[in-house]
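# Residue-level structural notes
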Amino acid sequence: MFVSCQKYNPYFPCSSFPLHNPTTTCTIFNCQNPKEHHSILRKHNSKSTAYLLQHLALKDGVPISTSIPKPSELLDPMPHDEKVKVLELSLVRKRTPQFPGSIYAQSPGDPDVGSSLPPIRTLFQSGVDFDDKYEKEEEEEEMIMRALEIRRKVTEEVFKEAMRKGKFGITYSTNLIGRLSGFLDHIMIEAANLKRLPGFSNSSFNLRAKTVIDDSKVVPLIRWLKHNALSYPRIAKVILMSRGKPEAIRSFVMWLKSVRVKGEFLGVVMLKAGDNILQRRHEELDEIVQYLESNGVRRDWIGYVISRCPQLLSYSLEEVKIRAHFFLDMGLNEKDFGTMVFDFPKVLGYYSLEEMNEKVNYLKEFGLQLEDVGKLLAFRPQLMACSIEEHWKPLVKYLYYYGITRDGMKRMLIIKPMVFCANLEKTIVPKVKFFEDIGVHNEGIGSMLVKFPPLLTYSLHKKIRPVVIFLMTKAGVTEKDIGKVMALGPELLGCNIVHKLDVNVKYFLSLGIRLRQLGEMIADFPLLLRYNPDVLRPKYIYLRKSMVRPLEDVIEFPRFFSYSLEGRIIPRHKVLVENHINIKLRYMLASTDEEFRKMVKGLIGKRRRFESAVTNEGTTHPQSVITEDISTPQA
C-alpha cells in the first residue's frame, strides 16, 4: 500500500490559511489490487499539515518561499464552542474518556498533549477588523473568566487530592474547601509565580499547585486544628484570616494554650480577636496579660477571660490601661477589679468607653455616688450589658406606675441589681400580673418589690406559684388572705418548700394548732414560717412552762416567736413577775423599753390605789375603784 496526493483542502483547528498546493488530495492504493483505491478525507492539526506541505513541496522540487504561519497570522477564527472545548481540555486535571483516532489529547498527562492542543494564547488572538474590536474584547474577557473558573476547579481538585492523602474524608474535604475560595486564589497566584523560577518553567500547573500546598503545610495544620475541636467552618475562616501564611495560625494557637485557653474556645478567640490578630507580635499580647495580672486578674483566670472576651486582644496595651482605669477610678481595689473581670470579662473589652460612661451617669441619677456605682459594678458587672433605652428606661417607667419612688428603685438596685438586667416583658410583667390575680393591690405590689426585690428574679412556675399553692393547700391560708400574706411577707417566696415551709407547718400542727388557726396566724404574721424550729422550740417551752401561758396566747399573738428569748421575753417577764403584773403578750412585747417602763409604772400605781381603797373603811366595794382591766393597759 502506498499514498499519493490529489486535490484536498486540509482543515485547521485554529484557523485556515491558503495552502501551497490547494488541489492536493490523499488517496490510498491497495498493493494487491492497484485498480482499487479509496479517497480518505483526513483532518490534521497545524503541525501535521505543515509537515505534509513541506514534504510535498520537497518532492515536487518547489522551494518553500513562505514559513509556517503563526497563530496570530491566522485569519479564520475558531468557533466559540471549539474554543471553550480546547480551553477545558488544556486546563482539566482528570483524564476524560477518549475514542481511537481522537484529534485532541484528552489529558495533560498524555505525551503528545503539547503537540496536539493549540497554545492557549491563540484563543485570545484574532485578525478581525476594527469594527468587531469591542465584540472580540468581550469574547476574550469571557474566555479569560472561563479559564480562571476552570483553573480554580483544577486547584480545588489538587487540594482535595492533598486532603485525601492527609486521611480526610471526601465529605469533610468538600465542605472545607468549598469555604476556602480566597485561599484557592492564593494557591493559584503562587503557582503562577513559580512558573518564573527556572526549576518550574516547564512544569505543569498541577505540579506547581501541589508544591504550593505542600510548602504551606496547610493539610497538617487542618488536621491539628480539627484535633483541637475546631469545626470546619471555623477552620476555613481562620485559614482565610492567615492571609496566605497558615504557619501564623499554629503559632498563635500555641500562645493561646500557654495562657490556658481551652481547645473548644480556640476558634472563637481567633475569629473574634480582630482581623489582624495573626499578624500581631506575641510580645504585645504578653504585655496585656502581665498588666491584667498586676491588677488582680489571676494567671489561671486569663484563659477564661480571653475565651469570654476575645476582643480584649484586639486592643493595644494603652487602650487596655484606659479601660482598666475607668473602673479603678471608681474606687475598686485590685481584688474587686479582678473578680469583676472574671465574673463578666466583657465588661473590660466589649463595650465602648462612651457607652460605659453613659450607663454610669444614668445609674448616678438614682442618687448613687461614683464609689457606689463602682461597688455596684464590682458586684454585678452584667449591668454594663443592659441598654439604657431598651432595658432601664422602660423598667423605671413601669416601676413608677406601681408607686415606687426613686429611693425605692435605689434600694432595689443596691439589694438586687440583677433586677435591672431582667427582661421587662418576659420576666417582670408576668410575675406582677400573677400578684394582681391573687389579690395584691398596686400599692402592695410596689411595697413588695421594694421590700424584697429578689422575688423578681425567681421563676414564676418553678418557685412563686408552688409557694402560693403550698400556703393555700398545706398551710391553711385562705384565698381571701393569700394576697395579704404575699404583700406582708414576700420573703416567703424565697423559702424552700420541702426544707423550710413544710417543716415549720408540721411543727406548728404538732403543737395542737389547727390548720385553720395556723392560716390565720400566717395571715397575721407571714414571716412565722421563716423561723427555724430550733429557734421556735425554746420560746414555746418557756411560754408554757415558765410563763404558764395557754396555747391560745400564741395563736392570738404569733409575733411572739419573732422576739429574742434572752433579749426581750425573759427580762420583761421577770419584771412582770416581780411586780405581780399579768398582761397580754401583745402589750408585754410589742413596745419599746421606755414604753414598757411607763406601762409597768402605771399598772403598779393602779394596784396601789386599789389596795389603799380596800383598807379604807368608808369606801364602797373595791371593784368599783377599778375602771379598766389591767390585762389590757391603755396605750
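Here is what the cut-offs are and how they apply
Residues numbered from 1 in each chain as written. Predicted model: local features only at pLDDT ≥ 70, side-chain atom pairs only at ≥ 80, totals over all residues. Heavy atoms only, no water. Helix = DSSP H or I, 4+ residues; strand = E, 2+ residues; numbered from the N terminus. Buried < 20%, exposed > 50% of the residue type's maximum accessible area, 1.4 Å probe, protein only. Contact = heavy atoms within 4.5 Å. Areas by Shrake-Rupley, 256 points an atom, 1.4 Å probe, with all protein chains shown as cover. Core = buried A, V, L, I, M, F, W, Y, C linked by side-chain atoms within 4.5 Å. Patch = residues over 30% accessible without salt bridge, like charges linked within 9 Å, V, L, I, M, F, W, Y side chains within 5 Å. Salt bridge = Lys/Arg side-chain N within 4 Å of Asp/Glu carboxyl O. Lys, Arg positive; Asp, Glu negative; His and termini not counted. Charge placed at Lys NZ, Arg CZ, Asp CG, Glu CD. Axes fitted to C-alpha atoms, helices over the stretch in contact; angles between N-to-C directions. Parallel < 35°, antiparallel > 145°, perpendicular 65-115°, else oblique. Left-handed = near helix turned anticlockwise from the far one by under 90°. Nonpolar A, V, L, I, M, F, W, Y, C, P; charged D, E, K, R; others polar. Polar contact = N/O pair within 3.5 Å; in protein donor to acceptor, adjacent residues only side chain to side chain. Disulfide = S-S within 2.5 Å. Phe/Tyr/Trp six-rings, centres within 6.5 Å; stacked < 30°, edge-to-face > 60°. Expected span 1.5 Å × (residues − 1). pLDDT = per-residue confidence, 0-100.

Moving on: the overall build of the protein. Along the backbone of the protein there are 31 helices and three strands. When burial is assessed residue by residue, the protein has 41% of its 635 residues classed as buried. Partitioning the intrachain contacts of the protein with sequence separation of at least 6 by distance along the chain shows that 69% fall at a separation of at least 24. Split by element, the accessible area of the protein, about 35700 Å² in all, is 53% carbon and sulfur.

Further remarks concern the nonpolar core. Residues Phe159 and Leu471 are the most contacted members of the largest nonpolar core, which totals 171 residues. With near-sequence residues (within four places) excluded, Phe159 lies in contact with Ile177, Leu180, Phe183, Leu184, Ile187, Ile213, Val218, Val219 and Ile222.

Let us look at the environment of Leu363. Position of Leu363 relative to the elements: it lies in helix H17 (residues 353-364). A sequence separation of 47 residues divides Leu363 from Lys410, and the C-alpha atoms of the two residues are 9.1 Å apart. With sequence-adjacent residues up to four places away left out, Leu363 is seen in contact with Leu368, Val373, Leu376, Trp392 and Leu413.

Here we take up a negative patch on the surface. Residues Glu137, Glu138, Glu141 and Glu142 make up a contiguous surface patch of negative charge. Relative to the elements of secondary structure, Glu138 occurs in helix H4 (residues 133-165). Note on Glu138: relative accessible area 56%, which makes it exposed.

Here we take up the packing of H17 against helix H18 (residues 370-379). Put simply, H17 and H18 touch, their axes get as near as 10 Å, and they point 115° apart. Relative to H18, the element H17 is oriented roughly perpendicular. In the crossing of H17 with H18, the sense of the turn from one axis to the other is right-handed. Contacts between H17 and H18 pair Val360, Leu363 and Lys364 from the former with Leu370, Val373, Leu376 and Leu377 from the latter. Residue composition of the contact of H17 with H18, by class: six nonpolar, no polar and one charged.

On to unusual backbone geometry, then. Phi is mostly negative for residues that are not glycine, and the peptide bonds are mostly trans. Positive phi, normally seen in glycine, also occurs at Lys167, with a value near 70°. Looking at the secondary structure, you find Lys167 in the loop between H4 and helix H5 (170-177). You will see that Val548, though not glycine, has its phi angle at about 55°, which is positive. Looking at where Val548 falls in the secondary structure, it is placed in the loop between helix H27 (533-546) and helix H28 (551-556).

A few words on the side chain of Lys431. Along the chain, Lys431 falls in helix H21 (residues 424-437). Put simply, Lys431 is tucked away with no salt bridge, and the nearest opposite charge, on Glu425, sits 13 Å away. A polar atom in the side chain of Lys431 sits 2.4 Å from the backbone oxygen of Tyr458. Setting aside anything within four residues of it in sequence, one finds Lys431 in contact with Leu455, Leu456, Thr457, Tyr458, Ser459, Leu460 and Ile464.

This part takes up the pattern of salt bridges. Throughout the structure, instances matching the rule amount to 20 salt bridges. Two residues, Glu161 and Arg164, come together in a salt bridge whose shortest N-O distance is 2.6 Å. Of this pair, Glu161 and Arg164 both sit in helix H4, three residues apart, which is roughly one turn of the helix. When its relative accessible area of 24% is taken as the criterion, Glu161 is described as partly exposed. For the salt bridge of Glu283 with Arg281, the shortest nitrogen-to-oxygen distance reads 3.4 Å. According to the relative accessible area criterion, Arg281 is partly exposed, its value standing at 48%. Taken together, the shared-partner salt bridges connect Arg280, Arg281, Glu283 and Glu284 into one network.

You can see Glu491 is positioned in the loop between helix H24 (482-488) and helix H25 (497-510). Although buried, Glu491 forms no salt bridge, and the nearest oppositely charged side chain, Lys451, lies 4.0 Å from it. Dropping the residues within four chain positions of it, Glu491 is found in contact with Lys451, Phe452, Leu527 and Arg530.

Inspection of every chain in the model, using the stated rule, returns zero disulfides. Cys386 carries a free sulfur, and the closest cysteine sulfur to it, the one in Cys421, is 3.3 Å from it. Cys386 sits in the buried class, given a relative accessible area of 4%.

Moving on, we get to the packing of aromatic side chains. How two aromatic rings sit relative to each other is given by the distance of their centres and the angle of their planes. Tallied over the entire structure, the rule returns 20 aromatic pairs. Ring geometry for Phe508 against Phe561: centres 5.7 Å apart, planes inclined by 75°, an arrangement best described as edge-to-face. Highlighted residues: Phe508 in helix H25 and Phe561 in the loop between H28 and helix H29 (565-578), separated in sequence by 53 residues. Each member of the pair, Phe508 as well as Phe561, carries the same accessibility label: buried.

Moving on, we get to a positive patch on the surface. Together, Arg179, Arg234, Lys237, Lys272 and Lys346 give the surface a local cluster of positive charge. Looking at the element boundaries, Lys346 is found in helix H16 (residues 346-349).

Next up on the list: H29. Here H29 is 14 residues long and its end C-alpha atoms lie 18 Å apart, about the 20 Å a rise of 1.5 Å per residue gives. Looking at where H29 begins, the residue whose side-chain oxygen comes 3.0 Å from the main-chain nitrogen of Gly567 is Ser564.

Let's shift gears to the packing of helix H13 (residues 299-308) against helix H15 (residues 334-343). Between H13 and H15, the least distance of the axes is 9 Å, while the angle of their chain directions is 40°. When the axes of H13 and H15 are compared, the pair comes out oblique. Contacts between H13 and H15 involve Trp301, Tyr304 and Val305 on the former and, on the latter, Gly338, Thr339, Val341 and Phe342.

Another aspect to go through is the environment of Leu501. Summarising the element assignment, Leu501 is placed in helix H25. C-alpha of Leu501 to C-alpha of Leu529: the two residues are 28 residues apart in sequence and 5.9 Å apart in space. Excluding residues within four positions of it along the chain, Leu501 makes contact with Val467, Phe470, Leu492, Cys495, Asn496 and Leu529.

With 75% of its residues at a pLDDT of at least 70, the protein reaches an overall mean of 79. Here residues 1-41 is a poorly scored stretch, pLDDT under 50, and it has 82 contacts once near neighbours within four places are set aside; other chains count. Ignoring residues within four places in sequence, the model shows residues 71-76, a span with pLDDT below 50, making 13 contacts including any to other chains.

Mapping Lys539 onto the fold places it in helix H27. Sequence separation between Lys539 and Glu566 is 27 residues, and the spatial gap between their C-alpha atoms is 9.6 Å. When sequence neighbours within four positions are dropped, the list of residues in contact with Lys539 reads Phe560, Phe561, Ser562, Tyr563, Leu565 and Ile569.

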